[in-house]
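# Report on the structure
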Amino acid sequence: MPGINDSCHPGEARDLFLESKGYNGGVKKLRNGKWQSKMKNRGTDAGRVNGMRCRSFLCDGGFTGVEMLVTITIITAISAIILVSFVGLREGAALNRSARELALAIRRVQNMSLAVTQVDTADGPLIPPAVGIQLARDAQTYLTFADVAHDHSYNPDLDDSLIGTPGRFEGGVRVQTLKYVEESAERESPLAHIVFDAPEAEVFLTDEEGESLGEILRITLVTPSGRLSKDIAIRTNGQVSIK
């Protein structure tokens with residue numbers, strides 16, 4: 001029976017492994033555990049076939065440079081895909097929360113006008129004839145205000161006052177466009193107001209001058225990367241929808 005050298009060739013390692021299991025060309029050669037005892041007595045790490053220490057890539061001296069390069073390339077590509085997916089998921093979650101929060105803020109203002117609620121403003125508590133929200137293109141915040149002048153716009157020079165602190169969209173989400181329909185054509189406005197008159201909560205959609213924007217205002221929110229967007233539509237009948 002041939003011995004097992006410390007430095008083994010991959011082909012020899014395979015043959016010795018088969019012999020250790022008692023097979024050689026289909027003939028069983030293991031007798032009374034003699035070959036197993038011989039191998040145990042050898043005691044060499046490089047030739048311990050039963051312990052599966054002698055692998056072809058170890059006997060050949062390890063991985064080649066090409067194999068290492070391919071492995072690193074694959075790992076890098078997978079990591080990049082995972083990172084992009086994670087960023088997209090995070091932006092998508094921030095966009096959904098921002099859209100829902102804006103819709104809820106509009107509903108809160110609507111409820112204030114229905115209940116003829118006294119609100120705390122910078123000028124103290126008062127019951128305004130109308131309350132509203134102001135939005136601006138490319139802004140990451142929006143304002144809730146008491147329309148004291150009752151001109152369906154926010155004008156601090158006419159005693160209009162802010163209610164609370166400005167709302168802020170999450171994760172760098174901003175207002176991309178403010179669109180309305182005029183003469184069957186969709187147009188954009190740099191600024192828009194959503195105003196509810198008390199006590200019927202009648203809706204007015206106006207521009208920076210308080211002029212009407214028609215019956216529907218479409219607010220488009222966009223993520224910092226610009227890949228994801230979501231629309232919030234407000235109609236003068238009081239309907240608020242997210243798409």
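The coordinates are above.
First, a word on scope: everything that follows refers to the structure included in this document. In every chain, residue numbers begin from 1 and rise along the written sequence. Only residues with pLDDT of 70 or above have their local features reported here, since the model is predicted, and side-chain atom pairs are shown and tallied only from 80 upward, although totals for entire chains, interfaces and linings are computed over all residues. Side-chain metrics rest on all non-hydrogen atoms present in the structure, leaving aside hydrogens and water.

The next point concerns the overall build of the chain. Labels follow the DSSP assignment, with helices taken as runs of H or I lasting at least four residues and strands as runs of E lasting at least two, numbered in each case from the N terminus. Across its full length, the chain holds four helices and 15 strands. The buried label applies to any residue whose accessible area, calculated with a 1.4 Å probe on protein chains only, is under 20% of its type's maximum; exposed applies above 50%, and partly exposed to all values in between. By the burial criterion, 35% of the 243 residues in the chain qualify as buried. By definition in these notes, contact holds between two residues if any of their heavy atoms fall within 4.5 Å. Counted over contacts in the chain with a minimum sequence separation of 6, partners at least 24 positions apart contribute 56%. Total accessible area on the chain is roughly 14400 Å²; 52% of this is exposed by carbon and sulfur atoms. Only the protein chains shown count as cover for residues, and all accessible areas are computed by the Shrake-Rupley method using a 1.4 Å probe.

Along any regular strand, the residues point their side chains to alternate faces of the sheet. Along strand 5 (residues 130-136), six of the seven residues are buried, which leaves the element largely enclosed by surrounding structure. Judged from the seven bridges that link them, strand 5 and strand 11 (residues 191-197) form a sheet pairing that is antiparallel. Considered in strand 11, the bridge of I133 is made with I194. Here the rule is simple: two strands pair whenever DSSP picks up at least two bridges between them. Counted between consecutive antiparallel strands, the loop separating strand 5 from strand 6 (residues 141-146) contains four residues, among which D138 sits at a positive phi close to 70°.

With that out of the way, let us pick up the packing of aromatic side chains. For Phe, Tyr and Trp, where Trp contributes only its six-membered ring, two rings pair if their centres lie within 6.5 Å, and the inter-plane angle classes them as stacked under 30 degrees, edge-to-face over 60, or tilted in between. Taken as a whole and assessed by the stated rule, the structure comprises two aromatic pairs. Consider the rings of Y142 and F169, whose centres lie 5.4 Å apart with planes at 40°: the pair is tilted. Note that Y142 is positioned in strand 6 and F169 in the loop between strand 8 (167-168) and strand 9 (174-182), a separation of 27 residues in sequence. Judged by its relative accessible area of 6%, Y142 is buried. For F169, a relative accessible area of 5% translates into the label buried. Aromatic side chains F145 and Y154 sit 5.3 Å apart centroid to centroid with 45° between the ring planes, which places their arrangement in the tilted category.

It is worth spelling out the environment of K243 at this point. Topologically, K243 is positioned in the segment after strand 15 (240-242). With relative accessibility at 61%, the residue K243 sits in the exposed group. Remark: the alpha-carbon pair of K243 and A99, spanning 144 residues in sequence, is separated by 9.3 Å. Discounting chain neighbours no more than four positions away, the residues touching K243 are K230 and D231.

Okay, empty space enclosed by the protein next. Points on a 1 Å grid over protein atoms alone make up a cavity when a 1.4 Å probe fits among them but cannot get out, and a pocket when they form an open set with protein on both sides within 12 Å along at least five of seven lines; lining residues each have an atom within 4 Å of a point. Grid points are joined across faces, edges and corners, and a volume is the space filled by probe spheres set on the points. For the structure on display, the rule yields two cavities of 30 Å³ or more. A volume near 40 Å³ is recorded for the largest cavity. As for the largest cavity, its lining consists of M112, S113, V116, T117, I127, P128, P129, A130, V131 and A198. For the lining of the largest cavity, the elements supplying multiple residues, two or more each, are helix 4 (65-115) and strand 5. Here the lining of the largest cavity is composed, by residue class, of eight nonpolar, two polar and no charged. Looking at the second largest cavity, its volume works out to about 30 Å³. Every residue along the wall of the second largest cavity is listed here: K179, Y180, V181, E186, I216, L217 and R218. Breaking the lining of the second largest cavity down by element, the ones donating at least two residues are strand 9 and strand 13 (216-222). Gly is placed with the polar residues, together with every amino acid not listed as nonpolar (Ala, Val, Leu, Ile, Met, Phe, Trp, Tyr, Cys and Pro) or charged (Asp, Glu, Lys and Arg).

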